[in-house]
Amino acid sequence: MKSSKTLTPLALAALEVLHEGPHHPYEIHQTMLERKMDRLVKLSPGTLYHTIERLDRDGFVQVVETTREGKRPERTTYRLTDAGRDAFAERLRHLIATVAEEYPSFSVAVELMHTLDQEDAVRQLRVRALDLEARLAALDVACVHLADMDLHPLFWPDIRLRHKLVATELDWVTDLIAQLDSGVLSWPVGEGAGTAGVTETRPASDEPHEPALIEETR
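Definitions and cut-offs
Residues numbered from 1 in each chain as written. Predicted model: local features only at pLDDT ≥ 70, side-chain atom pairs only at ≥ 80, totals over all residues. Heavy atoms only, no water. Helix = DSSP H or I, 4+ residues; strand = E, 2+ residues; numbered from the N terminus. Buried < 20%, exposed > 50% of the residue type's maximum accessible area, 1.4 Å probe, protein only. Contact = heavy atoms within 4.5 Å. Areas by Shrake-Rupley, 256 points an atom, 1.4 Å probe, with all protein chains shown as cover. Axes fitted to C-alpha atoms, helices over the stretch in contact; angles between N-to-C directions. Parallel < 35°, antiparallel > 145°, perpendicular 65-115°, else oblique. Nonpolar A, V, L, I, M, F, W, Y, C, P; charged D, E, K, R; others polar. Salt bridge = Lys/Arg side-chain N within 4 Å of Asp/Glu carboxyl O. Expected span 1.5 Å × (residues − 1). Arc of directions from axis to C-beta.

Caption draft 1: Representation of the overall build of the protein within the structure. The secondary structure content of the protein amounts to eight helices and four strands. Within the span of the protein, comprising 218 residues, buried residues form 29% of the whole. For the protein, the proportion of contacts with a sequence separation of at least 24, taken over those separated by at least 6, is 56%. Just so you have it, the protein exposes about 14,600 Å², and 55% of that area is on carbon and sulfur atoms.

Caption draft 2: Expanded view of the packing of helix H1 (residues 9-18) against helix H3 (residues 45-58). Between H1 and H3, the least distance of the axes is 10 Å, while the angle of their chain directions is 75 degrees. The orientation of H1 relative to H3 falls into the category roughly perpendicular. Across from Leu-10, Ala-11, Ala-14 and Leu-15 in H1, the residues of H3 making contact are Thr-47, Leu-48, Thr-51, Ile-52, Arg-54 and Leu-55. Broken down by class, the residue content of the contact of H1 with H3 amounts to seven nonpolar, two polar and one charged.

Caption draft 3: Structural view of the pattern of salt bridges. Tallied over the entire structure, the rule returns seven salt bridges. The shortest N-O distance in the salt bridge between Asp-158 and Arg-39 comes to 2.5 Å. Of the two residues, Asp-158 sits in helix H7 (residues 157-182) while Arg-39 sits in the loop between helix H2 (25-34) and H3, which places them 119 residues apart along the sequence. Here Asp-120 makes a salt bridge to Arg-123, at a shortest N to O gap of 3.3 Å. Within this pair, Asp-120 and its partner Arg-123 are both found in helix H6 (residues 118-148), separated by three residues, close to a single helical turn. With relative accessibility at 23%, the residue Asp-120 sits in the partly exposed group. Overlapping salt bridges, with partners in common, bring together Glu-119, Asp-120 and Arg-123 in one network.

Caption draft 4: Just H3, in detail. When the terminal C-alpha atoms of H3 are compared, their 20 Å separation across 14 residues agrees well with the 20 Å that a helix rising 1.5 Å per residue should span. Turning to H3, its buried residues are Leu-48, Thr-51, Ile-52, Leu-55 and Asp-58. Seen end-on, H3 carries its buried residues on one side only, within an arc spanning 125 degrees. Relative to its buried face, H3 has exposed residues pointing more than 90 degrees away, namely His-50 and Arg-57.

Caption draft 5: Unusual backbone geometry, seen in detail. Although it is not a glycine, Lys-36 adopts a positive phi angle of roughly 60 degrees. Mapping Lys-36 onto the fold places it in the loop between H2 and H3. Accessibility expressed as a relative area gives 51% for Lys-36, which makes it exposed.

Caption draft 6: Main features of the packing of H1 against H2. Contact pair H1 / H2: the axes reach a minimum separation of 10 Å and the direction vectors enclose 100 degrees. The angle between H1 and H2 places the two elements in the roughly perpendicular class. Taking contact as the criterion, the partners of Leu-10, Ala-13, Ala-14, Val-17 and Leu-18 in H1 are, on H2, Ile-28, Thr-31 and Met-32. Each residue belonging to the contact of H1 with H2 can be placed in one class, and the counts come to seven nonpolar, one polar and no charged.

Quick look at the structure:
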């Protein structure tokens, strides 16, 4: 029996459907699409089928029956085992309670942003801000739609969480742009700009550096 730590987000989503009774992978896939689970996990029929097969090997699900209708391919129906139910609950408790050490790519980009020209960096931040605004508007629409469906709030808390995360990031990006535009936050210059030991900076309101001036600081 495998540890519940091997359960991926896609495996957890599949097991959630199987909590409701036996399903074959196609039914699981359709149910997940209806519930918009593809907003949370990378969902494709092939990946899901492999995930179900792994859950079967690990003893978390088991085959109920295999049927064929006409010329259609065989369909294997699976049910959740007691071990699968316990592993699901154990893994879910861990994910809820534990703050994971994650490494988002945007954090890396922000750390390295000083190596770009200031004007270029600010331009990219503005593009990101526009994208975040669009995403926030889409989440606003989703929240209204789900509220109108009179769906229990605990069936879509991820939407509200995502809304807060996007809104917070948008505020941060907008504030950074404003600080750079106003000159409150200056831009490092010279070789190794932004690293320890480099103190020369230029206010954001100054004219862009000429290559010759950059050479003189080296």
